[in-house]
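# Structure assessment
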Amino acid sequence: MINLFKKFGVFLIAVLCVGQQSFAADGKVDSQIFADYYYWKDHHDGAWKGQNGFQFRRGYLTYANSINDNWAGKFTLEITHTDLAAAQATPSSIIKVAQLERNFGDNKFLFGQMSTPTWATVEKYWGYRGIEKTALDLWKFGNSVDIGVSWQGQALEKKIYYTLMIGNDESTSNENDKYKAYYSALGFRP
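Please read all numbers here as calculations on a predicted model, not as lab measurements. (Residues numbered from 1 in each chain as written. Predicted model: local features only at pLDDT ≥ 70, side-chain atom pairs only at ≥ 80, totals over all residues. Heavy atoms only, no water.)

## Some details on the environment of tryptophan 40
One can find tryptophan 40 in the loop between strand E1 (28-39) and strand E2 (52-66). On the basis of relative accessibility, which here comes to 24%, the residue tryptophan 40 falls in the partly exposed class. Along the sequence, tryptophan 40 and glycine 53 sit 13 residues apart, while their C-alpha atoms lie 9.5 Å from each other. (Helix = DSSP H or I, 4+ residues; strand = E, 2+ residues; numbered from the N terminus. Buried < 20%, exposed > 50% of the residue type's maximum accessible area, 1.4 Å probe, protein only.)

## Details of the pattern of salt bridges
Scanning all chains against the criterion turns up three salt bridges. Note that glutamate 78 and arginine 58 form a salt bridge whose closest N and O atoms lie 3.1 Å from each other. Of this pair, glutamate 78 sits in strand E3 (residues 71-80) while arginine 58 sits in strand E2; the two residues are 20 residues apart in sequence, bridging distant segments of the chain. Residue glutamate 78 is classed as buried on the basis of its relative accessible area of 4%. (Salt bridge = Lys/Arg side-chain N within 4 Å of Asp/Glu carboxyl O.)

## A look at a nonpolar patch on the surface
Together, Phe104, Phe109, Trp151 and Leu164 make up a nonpolar patch on the protein surface, roughly 370 Å² of accessible area in all. Here tryptophan 151 shows up in strand E6 (residues 145-155). (Patch = residues over 30% accessible without salt bridge, like charges linked within 9 Å, V, L, I, M, F, W, Y side chains within 5 Å. Areas by Shrake-Rupley, 256 points an atom, 1.4 Å probe, with all protein chains shown as cover.)

Shape descriptors only; they carry no functional weight alone.
Put into structure tokens, the structure is as follows:
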């Protein structure tokens, strides 16, 4: 399985790099940064009382490219601070999304590291929540991303949508056991 992912990674890099000029014209680069200014009027640790400053919370850099009418790829790098209060806190980065998709009309097959259907509806309507997590996130209902395969589609004039996915159940980490996670979502738009 590891060799399959290595081959996929090499293939994805080759697809994104070969014909760089034509891809650059067709591809889309997107970014988001979440930062804020803080001031602690009081703190249980006296050393932090009155502390203030700017914080970089999280950032995304995404490259998406439609290779042709049937094939597309997407790569997202996430940069985040794991410990905002540490004196020497430095940002860490992970690959959030690295996927290749094949379109079949109103259906598509995805392979790679992608968002799970656990969060699709919630993220669409709630977006980024800097103050409070959603109930799904707070109670650690599932992974936001996983490595695997997915079949997504729509039916009945796009009134019904569905996703079926099989993943490693390791989020952004490599597989470390023989077990898999099975995800599904079914929705109706009246």
